[in-house]
Structure formats: structure tokens, C-alpha cells
Amino acid sequence: MTDNRQILLIEKPTGKLGPEHFKMSSAARPEPKDGEALLRVRYISLDAANRAWMHGATYRSAVEANSVMAGGGIAEVVSSKAEGLAPGDIVFADTGWQDYAALPAKHLTKMPKIEPLTYLLSVYGIAGLTAYFGLLDIGKPKAGETVVVSAAAGSVGSIVGQIAKIKGCHVVGIAGGKDKCHWLTAELGFDAAVDYKDGALFKALRAAAPKGIDVYFDNVGGEILEACLPQMNNYGRIACCGAISQYDGAPQATGPRGVPGLIVVKRLVMQGFIVMDYMKERDRALADLQGWVASGQLKVQEDIIDGLENTPKALIGLLAGENRGKRMVKV
Ligand SMILES: NC(=O)c1ccc[n+]([C@@H]2O[C@H](COP(=O)([O-])OP(=O)(O)OC[C@H]3O[C@@H](n4cnc5c(N)ncnc54)[C@H](OP(=O)(O)O)[C@@H]3O)[C@@H](O)[C@H]2O)c1
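It should be emphasised that the depicted structure is a prediction, and the values quoted were computed from it without experimental measurement.

For the rest of this paragraph, the subject is helix 8 (residues 282-295). For helix 8, which comprises 14 residues, the first-to-last C-alpha distance of 20 Å matches the rise-based estimate of 20 Å (1.5 Å per residue) to within 8%. Every buried residue of helix 8 is listed here: A285, L286, L289, W292 and V293. The buried residues of helix 8 occupy an angular sector of 130 degrees when projected down its axis, which confines them to one face. Turned more than 90 degrees away from the buried face of helix 8 sit D283 and A294, all of them exposed.

Around the ligand, a shell composed of 29 residues is seen, among which S155, K180, Y196, Y247 and N323 lie nearest. Take F273: an N or O atom from its main chain is 2.8 Å from a nitrogen atom of the ligand. In this structure, an oxygen atom belonging to the ligand sits 2.7 Å away from a main-chain N or O atom of V275. Within the complex, 92% of the 920 Å² of free accessible area of the ligand lies under protein. Contributing elements (two or more residues each) for the shell around the ligand: helix 2 (126-139), helix 3 (155-166) and helix 9 (311-319).

Ranked by size, the top nonpolar core spans 38 residues in total, and within it L135, I163, L184, F217 and L289 carry the most contacts. Mapped by element, the contributors of at least two residues to this core are helix 2, strand 9 (146-150), helix 3, strand 10 (170-175), helix 4 (178-186), strand 12 (213-218) and helix 8. Of all the elements, helix 2 adds the most residues to this core, at seven residues. What I163 contacts, discounting residues up to four positions off in sequence, is A131, Y132, L135, L136, L289 and W292. Within the second largest apolar cluster, 24 residues are counted, among which are L17, W53, L308 and A314.

With that settled, consider the packing of aromatic side chains. Within the structure shown, the criterion is met by six aromatic pairs. Plain terms: the ring middles of Y119 and Y124 are 5.9 Å apart, the flat faces sit at 70 degrees to each other, and that makes the pair edge-to-face. Classification of Y124 by relative accessible area gives buried; the value is 11%. On the numbers, 5.1 Å between centres and 80 degrees between planes, the contact of Y132 with F133 is edge-to-face. Note on Y132: relative accessible area 3%, which makes it buried. Through successive ring pairs, a cluster of aromatic residues spans Y132, F133, Y278 and W292. Stacked on the ring of Y100, the Lys or Arg R40 has its end atom at 5.3 Å from the ring centre.

The grouping of Y59, I274 and M276 at the surface amounts to a nonpolar patch, some 280 Å² of accessible area in total. Mapping M276 onto the fold places it in the loop between strand 14 (269-272) and helix 8. For M276, a relative accessible area of 44% puts it in the partly exposed group.

All right, on to unusual backbone geometry then. For residues besides glycine, phi is generally negative; the peptide bonds are generally trans as well. Of note, the bond from E115 into P116 is cis; its omega dihedral lies within 30 degrees of zero at -10 degrees. Looking at the secondary structure, you find P116 in the loop between strand 8 (109-111) and helix 2. Put simply, V259 and P260 share a cis peptide bond, and its omega is 5 degrees. With a phi angle near 65 degrees, Y235 is a residue other than glycine that sits in the positive phi range. Among the secondary structure elements, Y235 is positioned in strand 13 (residues 232-240). Its relative accessible area of 52% is what places Y235 among the exposed residues. The residue R267 is not glycine, and still its phi comes out positive at about 55 degrees. Its relative accessible area of 44% is what places R267 among the partly exposed residues.

About the thresholds
- Every chain's residues receive numbers from 1 upward, in the order its sequence appears when written.
- In keeping with the model being predicted, local features are shown solely for residues with a pLDDT of at least 70 and side-chain atom pairs are shown and tallied solely at 80 or more, while totals for entire chains, interfaces and linings include all residues.
- For the side-chain quantities, the full set of heavy atoms in the structure was used; hydrogens and water were omitted.
- In this text, helices come from DSSP runs of H or I with a minimum length of four residues, and strands from runs of E with a minimum of two, each type numbered from the N-terminal end.
- Here the expected span of a helix is defined as 1.5 Å times the quantity of residues minus one.
- Only protein chains enter the accessibility calculation, which uses a 1.4 Å probe; a residue is then buried when its area is under 20% of its type maximum, exposed when over 50%, and partly exposed in between.
- The arc in question is traced by the directions running from the helix axis to the C-beta atoms.
- A cutoff of 4 Å decides nearness: a residue is near a molecule or strand if any of its heavy atoms lies inside that distance of it.
- Whenever a nitrogen or oxygen atom comes within 3.5 Å of another N or O atom, the pair is scored as a polar contact, on the condition that within protein one atom can donate a hydrogen and the other can accept it, and that pairs from neighbouring residues in sequence are kept only if both atoms are in side chains.
- Here the accessible surface of atoms and residues is derived via Shrake-Rupley with a 1.4 Å probe, and residues count as covered only by protein chains that are part of the display.
- By nonpolar core is meant a set of buried Ala, Val, Leu, Ile, Met, Phe, Trp, Tyr and Cys residues that side-chain atoms within 4.5 Å join together.
- Residue contacts follow a heavy-atom distance rule, with two residues in contact if any of their heavy atoms lie within 4.5 Å.
- The aromatic pairing rule takes the rings of Phe, Tyr and Trp, using the six-membered ring of Trp, and pairs them if the centres are within 6.5 Å, calling planes under 30 degrees apart stacked, those over 60 edge-to-face and the rest tilted.
- Counting as a charge over the ring demands two things of the Lys NZ or Arg CZ atom: a distance within 6 Å of the ring centre and an angle within 35 degrees of the ring normal.
- Each patch is built from residues lacking any salt bridge and having more than 30% relative accessible area; the joining distance is 9 Å for like charges and 5 Å for nonpolar side chains (Val, Leu, Ile, Met, Phe, Trp, Tyr).
- Here a salt bridge means any side-chain nitrogen of Lys or Arg lying within 4 Å of a carboxyl oxygen belonging to Asp or Glu.

This is the structure we're talking about:
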């Protein structure tokens, strides 16, 4: 029975990602081997990094043409030949874009059964943990300091800004378009928001962060990083989380300007991080995140698209800035 719908990446894009790079297919439902569990995928996480994986190996191996598109997801165990996993258990795994996957237990993270389940991908998932550890461990914000975050209306960025507010900082979000900027200040409590598509980024950033920037949480790299660098205060910290501006299409040939000159003169610390390195400390982060959600200090924004067949469109849309908060697909 070929009831396992799958979305294949049929060709790696050289320019912008489009629907032509994907194909819907179907295969037999896989049989779990010893040590594996059969999973029914419930929600697929849409991440800017999905596009970055098409360029080559990163912190994980590259996704290859003619294979099921890779991606993290929340899934339910259907049957198990692995110790410690039983039907009905909820796991997070790199399930790929498909209905069913059979995966070794060592590649699955057992998750609590919470309501709504989607929080396991948003605030209590990779997005929330990335925001938490990147901001607090690398950015080290102190009350009264100015924190700037790019892709601020996205899944990671919207949480970064809210945690920075909780820590007593002056928070500036950078996002595309007036509506998103209004949402950041009116709904999420950011002190200011800058529309990077408006053409006067440097000046607008100066007005929004008049005392300079102490912490820049960089989700995008490129021109926005270049605009932030000269506005960093001495001993400022830049948490390099990702580089969305470089993912979809050919990366820019040069830049950003100011590296390393400004880093030296301003004594900046610029550090990359991968959230997986913090998994041993996850419980501490989850306790804080849960507390803030419960007290209403941290608002959870999710953007749920219905239907596996819409996953390619949902990723293409995310790269174009369609989403607010955590985008995912309900399978
Ligand atoms: N280091 C880690 O461990 C780790 C873990 C998870 C995610 N990440 C990184 O976190 C960042 C956020 O990823 P996400 O998956 O949560 O995506 P997201 O922020 O939910 O969505 C991507 C957003 O990026 C913005 N964007 C797209 N192109 C842009 C450009 N050229 N310049 C500026 N903004 C642009 C769009 O919003 P606008 O409308 O504002 O343009 C879009 O909504 C990515 O860099 C990702 O790689 C890192």
C-alpha cells in the first residue's frame, strides 16, 4: 500500500527556491527494523535553515536531489521495535516531509504530551531554545542595555525580543514591512521597530537605538549586519544565529564591511552558536520559557499551514517573509 505521501527535492536550486524544485510522490509505509519506531508525522517545522541545507553540508549533512526533503517534525509513534518507545508517544525527529518515517530510537527525542502540541515546535522547540540560549548565553544582556534583533517578527526573533524585554532591555526589532513593525511594538511590546525594506535602515536604526547597540542578535547577516556594526557600543556582543539574507540564491561576493576593523576598535565579541550544543541545559530554559508563557510575559505566535502538499509553498513563503512567528505545516 503506497499511503506514505512524500515531498521530494528533485533538483537543488542555483537561484531562488521555487515550486519546480519539489515533487509530490508516494511510497510504501516503511517497516521499522529492530531499534526503530514507525512514526506518523503530525507537524513539520518550516525553518529558514531548510534552504541553507540545500547549499551543502552545514551542522548537518546537505540535502540531496531526488530524496525526501529533510525537516524536523513532531510525530506520534505508531508502532515500535525500540525499547522505551510505545504507540502514542510523541517525539521530535528529522522526519522529512512525509506522512510516515521509520527511524532509530537514538535519533528521536521523546517529548511531553502538552496542549497545544504545536508549542513543541515553537516556544518549547528549537525556536524558543535558540532564542533563549543565543540571547542569554552569547548576548548576555543587562537591564537598561539596547538589544537589536533582525528577522524580529520570525519564529526565533519574536521570542528573542520578548525575552530581552523581560530582562529589562530597550528592544529594537528589524523586520520587513510596516505591518510587521507595528505588530512588534503594539502586540509584542518591543520599544521600537525598523522596517529594513523602507530604504533608510542606518538612519532609522540610529533613531530607534539612540544610545547605540549593546547586543545584536543576528538572524540575517548581509546588509543588516553591516548597518548594525558601526552602531555597536564598545564591548558589545553580536550573537550570530543565522544568515537568512544569504540562503535563498547566490550569496553576496563580499561584506559586511567593518570586519574586522570595527570589531577590534569597539572590542566586540561576535560569536556563532548552534542550539544543539545546549541540549543538556534544555530543562533550565524550558522552566523559564514555561514560566514566562504562563505569566503572559511571553506571547506565542504560530503560523500553521494545513496540508503536506503545501509544504514547498510554505517554505518559499517563509523565505519571502510571509510568516509571523513560528511557521509549520499540519500534516
Ligand atoms: N543557530 C542555531 O542553532 C539556529 C537554530 C534555529 C534557527 N536559526 C536561525 O534563526 C534564523 C531565523 O530562522 P527561522 O527559521 O526562525 O525563520 P523565521 O525568522 O521564522 O522566518 C524567516 C524570516 O526572515 C526574514 N527574511 C527573509 N529574507 C530576509 C533578508 N534578505 N533580510 C532580512 N530578513 C529576511 C523574513 O521576514 P521579513 O518580512 O522581516 O523579511 C522571514 O519571515 C535563521 O537565520 C536560522 O538559520 C539558527
